[in-house]
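Geometric and topological summary
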Amino acid sequence: MDRGPSHRSARRRRPATARDVREITGEPASMWAGSIVGYGHSHYVYDSGREGDTFVVGFSPRSSATSLYGLLGGPDEEEQLARLGPHKSGKGCLYVTRLDRIDVRALRDMVASAWDRRAAGAGAP
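Please read these numbers as outputs of a predicted model, since none were measured by experiment.

Take Ser60: it is sitting in strand β5 (residues 57–61). There is a polar contact of 2.8 Å between the side chain of Ser60 and the backbone oxygen of Ser35. Those residues in contact with Ser60 that lie beyond four places of it in its chain are Ser35, Ile36, Ala65, Thr66, Ser67 and Tyr69.

Now for the side chain of Gln80. On the secondary structure map, Gln80 appears in helix α3 (residues 77–84). Overall, the relative accessible area of 7% leaves Gln80 in the buried class. Filtering out sequence-adjacent residues up to four positions away, Gln80 remains in contact with Ala106, Asp109, Met110 and Ser113.

This next bit is on unusual backbone geometry. Despite not being glycine, Ala33 shows a phi value in the positive range, around 55°. Within the fold, Ala33 resides in the loop between β1 (29–32) and β2 (36–39). Residue class for Ala33 comes out exposed when judged on its relative accessible area of 77%.

Below, the discussion takes up the sheet that holds strand β6 (residues 66–69). Strand order across the open sheet formed by six strands is β1-β2-β5-β6-β8-β7, with antiparallel pairing between neighbours. The sheet is open, and its two edges are formed by β1 and β7 (88–89), each paired on a single side. Note that β2 and β5 share three bridges and pair antiparallel. Looking at β5, one finds that Val37 is bridged to Phe59. Each of β2 and β5 touches helix α2 (residues 18–25); the most contacted strand, β2, lies at about 20° to it. Here helix α4 (residues 104–119) sits on the sheet and contacts β2, β5, β6 and β8 (93–96); the angle it forms with β5, its principal contact strand, is near 135°.

Tracing the sequence through the fold places Thr66 in strand β6. On the basis of relative accessibility, which here comes to 12%, the residue Thr66 falls in the buried class. A C-alpha to C-alpha distance of 8.1 Å links Thr66 and Leu94, two positions 28 residues apart in sequence. Thr66 has contacts with Phe59, Ser60, Pro61, Leu94, Tyr95, Val96 and Leu99, leaving out every residue within four places of it along the chain.

Turning our eyes to something else, we now look at the packing of α2 against α4. Across the interface, α2 lies against α4 with an axial gap of 10 Å and an inter-helix angle of 40°. Judged on the interaxial angle alone, α4 and α2 are oblique. Read as a crossing pair, α2 and α4 show a hand that is right-handed. Contacts from Asp20, Val21, Glu23, Ile24 and Thr25 in α2 reach Val104, Arg108, Val111, Ala112 and Trp115 in α4.

In this section: the packing of aromatic side chains. A complete count under the given rule lists three aromatic pairs for this structure. Geometrically, the ring pair formed by Trp32 and Phe55 is edge-to-face, given 5.7 Å between the ring centres and 65° between the ring planes. One end of the pair, Trp32, is in strand β1; the other, Phe55, is in the loop between β4 (51–54) and β5, with 23 residues separating them in the sequence. Taken together through their ring pairs, the aromatic side chains of Trp32, Phe55 and Tyr69 make up a single cluster. Above the face of the Trp115 ring, Arg118 is positioned so that its terminal group lies 4.5 Å from the ring centre.

Cut-offs applied
Residues numbered from 1 in each chain as written. Predicted model: local features only at pLDDT ≥ 70, side-chain atom pairs only at ≥ 80, totals over all residues. Heavy atoms only, no water. Helix = DSSP H or I, 4+ residues; strand = E, 2+ residues; numbered from the N terminus. Polar contact = N/O pair within 3.5 Å; in protein donor to acceptor, adjacent residues only side chain to side chain. Contact = heavy atoms within 4.5 Å. Buried < 20%, exposed > 50% of the residue type's maximum accessible area, 1.4 Å probe, protein only. Pairing = 2+ DSSP bridges. Axes fitted to C-alpha atoms, helices over the stretch in contact; angles between N-to-C directions. Parallel < 35°, antiparallel > 145°, perpendicular 65-115°, else oblique. Left-handed = near helix turned anticlockwise from the far one by under 90°. Phe/Tyr/Trp six-rings, centres within 6.5 Å; stacked < 30°, edge-to-face > 60°. Lys NZ or Arg CZ within 6 Å of the ring centre and 35° of its normal.

The analysis is restricted to geometry; functional conclusions fall outside its scope.
Quick look at the structure:
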């Protein structure tokens with residue numbers, strides 16, 4: 001039974017993994033807020049004086065979707081999102097229901113872009 005080209009191409013893609021993010025960032029994973037796997041560290045101070053600490057890029061596997069944090073805002077965002085595959089955007093994060101249907105190269109490019117922005121001083125939030 002032929003399920004069409006989209007099924008075949010999706011099966012050839014391997015799901016993105018935490019190993020991909022660690023390979024790009026060079027940082028070990030750490031838990032944030034009990035359910036978010038984060039990489040890197042960023043200290044921020046708002047104009048109001050409020051300050052805090054957060055990760056640079058991260059993800060949280062949830063039952064309905066995997067949330068991806070810190071990847072939006074890059075110069076090639078539109079092109080990368082078009083390549084990424086099925087996703088939804090929220091305020092500051094992406095939601096992916098099936099990691100096996102996204103383009104791992106696009107995700108890796110987004111992680112690298114976010115990490116480079118952080119290194120250039122444009123860190124989170």
